[in-house]
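Take a look at the letters that make up each chain.
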Amino acid sequence: MRRVSGTPAARIALPFIVGAIGLAAGYLLSVSLSGYFVFLAVSAVVAAIAILGLGIVTGSAGMIALCQLTFAAVGAWIVSLLNVLNAPGGFIVWLILGGLAAGVVGVLVGLPALRLRGVNLAVVTLGFAAAADVTLVQIQFPGSTDGVSVLRPDAFSDDRSYFFFSVLVLVICGIGVYFLQSGRWGSSWKSVAFSERGTASVGASVPGSKLTAFAVSATLGGVSGGLIAGQVGLPFASSFTPIQSLALYVLAIMSGAYLIDMAIFGGIVWIAVPELLKRWGIPQDWGFVIFGVLGVQALTSGSNLGQSIRNAWWKRQAEKRPVELAAPLAEAAGRDAVTAAPPATAPAPADPSAAPVLVVTDLGVAFGQVKALNGVSLAVPPNTIMGLIGPNGAGKSTFVDAVTGFLPQHTGSVSLDGRDLRGLSATARARLGVRRTFQQDRVPPTLTVEAYVRFVARRRLTIAEIDDALAFFGCPTARTRLQNVDVGTRRLVEVAANVLARPRILILDEPAAGLSHEEHLELGARLLQAPARFGMSIVLIEHDLDLVRSVCSTITVLDFGEVLASGPQAEVLADPAVMKAYMGETEML
Amino acid sequence: MRKHVFYATAALAASAALVLSGCSAGGSGDGKAPIVVGSVNTKSGPATFPEASLAAAAVFADQNAKGGINGHKIDYKALDDKGDPATASANAREIVGSDEAVAMVGSASLIECEINAKYYEQQKVLSIPGVGVDTGCFDSPNISPANVGPFNDMTLTLYWGSEVAKLDNICVLLEIAGSTRPAYQKAIDTWTKITGKKPLYIDDTVPYGASDYTPYIVKAKDAGCKALAINPVEPDAIAQVKAANAQGWKDVNWLYLTSVYSDNFAKAVSDAGAGIYVPAEFYPFTDASSDINKDWRDLMTKNNIPLTSFSQGGYLAAKYFIQVAEGIKGDITRESVTKALHDMQPITNPMVGTPYTFGTAKVHDGNTAGWPIKLVTGKNAWELNGDDWITIPKK
Amino acid sequence: MLQGALAGLAAGGLYAVLAVCLTLMSRLVRVVNFSQAATGMFGGFVAVWLVSHAGWPIWLGSLVGVLIGGALSALIGLIIATWLPEADTTTRSAVTVGPLLLLISLSFILFGNKPQPFSPILSGPAFSIGGVVVSQVTVATVVLAIVVALACRLVLTRTSIGTKLRALSERPTTAELIGIPARPLSVAVWAVTGIISALVIIIVAPSQSNDATSLSMLIVPASAAALLGAFRRLDLAVIGGLVLGLLSGLVAQIDEVSFIRNFLPFLFIIGFLLWTQRKEVWDAAR
């Protein structure tokens, strides 16, 4: 039973409805609050927009960015400049341009950081913030020398209507962020935060994901800076210091700013703490002390306010309705339903005349002196399932890494449908049609099943297709959150998603680990049908010989990095060398 | 988890309380209604001037003990803008808009004059800052500070250096923040107009709050500067002197501004080269023997307010206001105070070298006198360096 | 030109010492400690307070200040080691942003925001090269940077504690399982780097700007210097710090680039890093 809120129309309408409510609330506040509080409220909205941006780069994409207010300064600078030049378009156009300029700066700051892992990026951003601060103090904002104040938009020139205007901007930004987060970019951010390898293996560009996160976050920062310029008329460097960027960062972490409502909450806290200190007669310096303490607390407890509230809410929901498996929709004939085609019971034999999908020639990988792979050659026929077996440490995962592009230093060649993959990155290979799943869990738990599947498949999918594939593999429903799904089932989701991508070849690295034996075989039965249904070949790395026997038409055996045998199933399994290496001399099939 | 929910509810409740308290109308009864006066000050963060508003508050409290102004008590609000423009604007709106103050007295902020000048003009309210710092304080018809200000002070220190100490090869190093460059240039040009002399060079790239000024000191030493005229805040001044010490530059003369005139600075600097010279904006407070500062000194000591030139400024601003307001016949409202300040006669006070006036001038930068003081090596204390005010000649 | 560069060497020595501490922390306890300079600053201010307000002798006040700086650092390390032992470097480093903020504001509250009257341990010039005086403090910091880097290298490669530390940094769980006391060792590393940074700040602060913000923000050039060695190599961290100081001094002399003066050292390091890391490498774990 699909809930109403799951329908596409509802999903698009919901944020607009919430936005309209927010606007109405903003209007009411603008007329009812006293003048002083209206002014203060503009500061809260501005901070909320900046924190919204931080939520993307820090909360979703998992990078530390300590220069958000410097991007705001860029926005304020552009707005002031356009004001002094009397550029056409008025404040609103200048605000947009300021945001875009800040976005460009964000990309420039993010570029060098792409090569630098994680926390090095934080150093770059802090250095940028400190250098920009000193420069700003020296060169000042355009117009401040002559006291030329930034002109607010005509319709919103007094404090109250400017507050309403800023709420309007916030609502627009919020809606924009919502759609970004629930779309492809949002999934790529969450994925890259969780695992860069996982992201690359589904054909999403890791640098691209990081840069878009930076760009969007900086744009939001720039917009908030432009609003500050309109608010105070004469922007000063003291609004955009590195220390304040640090405090904003801490606040974003603490509140869980990747959730839009928590970004707004963060904005309120940003002005509420100093206000409360003022009312209680406590020196303002304690404000940052409080932020520091709260930040440490939030990070060490590993959760944040917003997530805690949501977890509590979701846990109650989950208790009421446990994770349900997708049920295939019964549809009219003509659709590619599960029950339409008779299930295959035996592995489809290889068609010897067809050109192999994947050809690996003399593949070698060395880690220092250790030769992990040595002279490995094999060919995977089209629309077949090849098993890749071998004892632990034989080099199977290394093989997968090399073929899919994660070990660029390998010798030998890999070609897909006759095209040599030399020099192509993992991302490029994934886009060409080489897909893999991982032994370790690389499915980001912060996504829903549907978002993940769409992200992995990289093509337009109808809800029906998704539901169908999920049901086929015995996965939970599309709306389920992956964090509520156990690791074994997440693997199935990973398989289903990669299958939906319609790759040329799909390499599954122990996909059934974490499932019971019966579930192993069920998965095998499903996989049997995949080549025929989806037109792909599968390479299956497995330890369970029953599964291998029932599913794989060809088998390659690896041992100590070398191919022991490769060919049709019956031959390979009867090969005495294979029996000896893999199963020991006394074991008989 | 429960803790988080608790925090969230507490924060939301507090915000609601704030909002609701703001919604309530501020009512002041009739009859002996208090006179509301306010100030916007930078009281937290790296550079602060809390003493000015503390001094003004002490003066007003003292006045209230004597019965107030014409029987009305003074209600003084001193807010903290944290050096942040948005907060400074918000503070002004609170004091002038919500609390309906009759005047701003005793403000001491890095930025508030420039930010709020237009708002004050719109709201037809006048401001007597205790310590004017940014250019807007000396550039607005609605603001007339009690102090000399850094720009006139720069002219004074150059003038003293070249005309009294007969120094040549004076180099000007400037720490520029915001829109102060043209104002400092004007100050230097005024000195040139009066004396016909020019600085050896002007370096306006000296950064605020740098940890090490050695490169700038080395550059100056190499250029052959005999004296350095700089406009730093106190921590930067200490760093500059230390950098020169470390280079062994023993014969440099330092021409600083009132911003370094504090006991803290004197204690921190033992090696002052050939001497540190400052034209103090008010009669030097370190001269304990003189009677000029006695009333101020007693009031500050009684209230435990630090003895600095900033508290002198706040004290004077409050005294000026009281003197003007006492002369108002009738109700003390914003209009009557504004009129009184526009029509006032200049007030002479021995603590200042120039009589104070507001009037209807477009700009108020008429306080042009300073008392020379010096800090010499090994003394760790400021001393008088002259027996009268030096004034910028009108040429 | 050269004179300007030499003039920047004092700052360079300071950056080098802090960069060595940062690199050590990054390698051994997997943290980029943003509060490295702030804890040293706080210890220094305590020392000043003890000397100027409580009347203690300079050596005693400084000693206590250094120890307090170390203790603060150890406290932060204890918090991280207890609650985030398995977290990645990014999360652990993010935690140190809180103390950076906290300590600056706390020092304003406790010690006021006027510059502190440090009594110098070392002061004055040491010798002259080509007309530029090299101060005692410069000599002290440069020597300290080299000595600390060498000492760390020796300890890490030649002693059993060093081996345990290296094991701990690469495989914390395994190390614990074979009996290496993870938490005490980690906290010890935090304490030692805290003591070193407090010491260098107490030495340098008397000759420089010594307010809370500028001292704590020394983390910026220090981390730029450590970035040169990719937070792994002690020798590059020392070189990076010294070069950064020299560059800053050099660039301050050239008026034409005054506009981007503040960015130049940073750009230099980024450029160097981009060039050395131009091949994409997949992190083992991710």
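Residues numbered from 1 in each chain as written. Chains lettered and ligands numbered in written order. Predicted model: local features only at pLDDT ≥ 70, side-chain atom pairs only at ≥ 80, totals over all residues.

Asks: Would you mind going over the domain arrangement of chain A in detail, with residue names and values included?
Replies: All names here are of chain A. Segmentation of chain A into domains returns domain 1 (12-242) and domain 2 (358-448 + 497-583). Domain 1 and domain 2 are separated by 46 Å when their C-alpha centres are compared. Taken together, the contact pairs 14 residues of domain 1 with 12 residues of domain 2. Of all elements in the fold, only helix H7 (184-194) and helix H8 (196-201) reach the threshold of two or more residues within the side of domain 1 that touches domain 2. (Domains from an automatic or database assignment. Contact = placed C-beta atoms within 7 Å. Helix = DSSP H or I, 4+ residues; strand = E, 2+ residues; numbered from the N terminus.)

Asks: With reference to specific residues and values, describe the interface of chain C and chain A.
Replies: You'll often see interface size given as the accessible area lost when the parts meet. The partner chain A presents 40 residues to the 37 residues of chain C that form the contact. Sort the elements by how many residues they give to the side of chain C that touches chain A and helix H6 (residues 97-111) of chain C lands first, with 11 residues. Residue classes in the side of chain C that touches chain A are distributed as 25 nonpolar, 10 polar and two charged. (Nonpolar A, V, L, I, M, F, W, Y, C, P; charged D, E, K, R; others polar.)

Asks: Can you break down helix H9 (residues 206-232) of chain A residue by residue, with the values?
Replies: All names here are of chain A. With 27 residues, H9 should reach 39 Å at 1.5 Å per residue; the first-to-last C-alpha distance of 39 Å fits that figure. Burial analysis of H9 places 24 of its 27 residues in the buried class, the great majority of the element. Count one or two residues on from H9 and you reach Gly233, which has phi positive near 80 degrees. (Expected span 1.5 Å × (residues − 1). Buried ≥ 20, exposed ≤ 12 C-beta atoms within 10 Å, placed from the backbone.)

Asks: Which residues make up the interface of chain A and chain B, and what are the values?
Replies: In this complex, chain A contributes 38 residues to the contact, which on the side of chain B involves 38 residues. Of the residues belonging to the side of chain A that touches chain B, the class tally is 20 nonpolar, 15 polar and three charged.

Asks: Give me the sheet that holds strand S1 (residues 358-367) of chain A: which residues, what numbers.
Replies: Residue and element names in this part refer to chain A. Here we have four strands laid out as an open sheet, ordered S2-S1-S4-S5, and antiparallel in their pairing. Of all strands in the sheet, those with a lone pairing partner are strand S2 (370-380) and strand S5 (419-420), marking the two edges. In terms of strand pairing, S1 meets strand S4 (residues 411-416) through five bridges, oriented antiparallel. Following the sheet pairing, Val360 is matched in S4 by Val414. Contacts from helix H14 (residues 396-404) reach S1, S2 and S4 within the one sheet, and its direction differs from that of S2 by about 65 degrees. (Pairing = 2+ DSSP bridges. Axes fitted to C-alpha atoms, helices over the stretch in contact; angles between N-to-C directions.)

Asks: Account for the environment of Ala340 of chain B, with residues named and values stated.
Replies: Residue and element names in this part refer to chain B. Tracing the backbone through its elements, the reader meets Ala340 in helix H12 (residues 334-343). In the structure, Ala340 is positioned 12 residues away from Ile328 in sequence and 6.7 Å away in space, judged by C-alpha atoms. Once you skip the residues sitting within four places of it in the chain, Ala340 turns out to touch Val324, Ala325, Gly327 and Ile328.

Asks: Which residues make up the packing of helix H2 (residues 50-65) of chain B against helix H11 (residues 309-326) of chain B, and what are the values?
Replies: Residues and elements named next belong to chain B. The N-to-C vectors of H2 and H11 enclose an angle of 40 degrees; their axes lie 7 Å apart at closest approach. Regarding the angle of H2 to H11, the classification is oblique. Crossing handedness for the pair H2 and H11: right-handed. Between H2 and H11, the contacting residues are Glu51, Ala52, Ser53, Leu54, Ala55, Ala56, Val59, Phe60 and Gln63 on the first element and Phe310, Ser311, Gly313, Gly314, Tyr315, Ala317, Ala318, Lys319 and Ile322 on the second. (Parallel < 35°, antiparallel > 145°, perpendicular 65-115°, else oblique. Left-handed = near helix turned anticlockwise from the far one by under 90°.)

Asks: I'd love a proper account of the packing of helix H2 (residues 9-29) of chain C against helix H10 (residues 182-204) of chain C, names of residues and values included.
Replies: All names here are of chain C. Following both chains from N to C, one finds H2 and H10 inclined at 175 degrees, their axes separated by 10 Å at the closest point. When the interaxial angle is binned, H2 and H10 end up roughly antiparallel. Contact residues: Leu14, Val17, Leu18, Cys21, Leu24, Met25, Leu28 and Val29 in H2; Ser186, Val189, Trp190, Thr193, Ile196, Ser197, Val200 and Val204 in H10. Its residues assigned to classes, the contact of H2 with H10 comprises 13 nonpolar, three polar and no charged.

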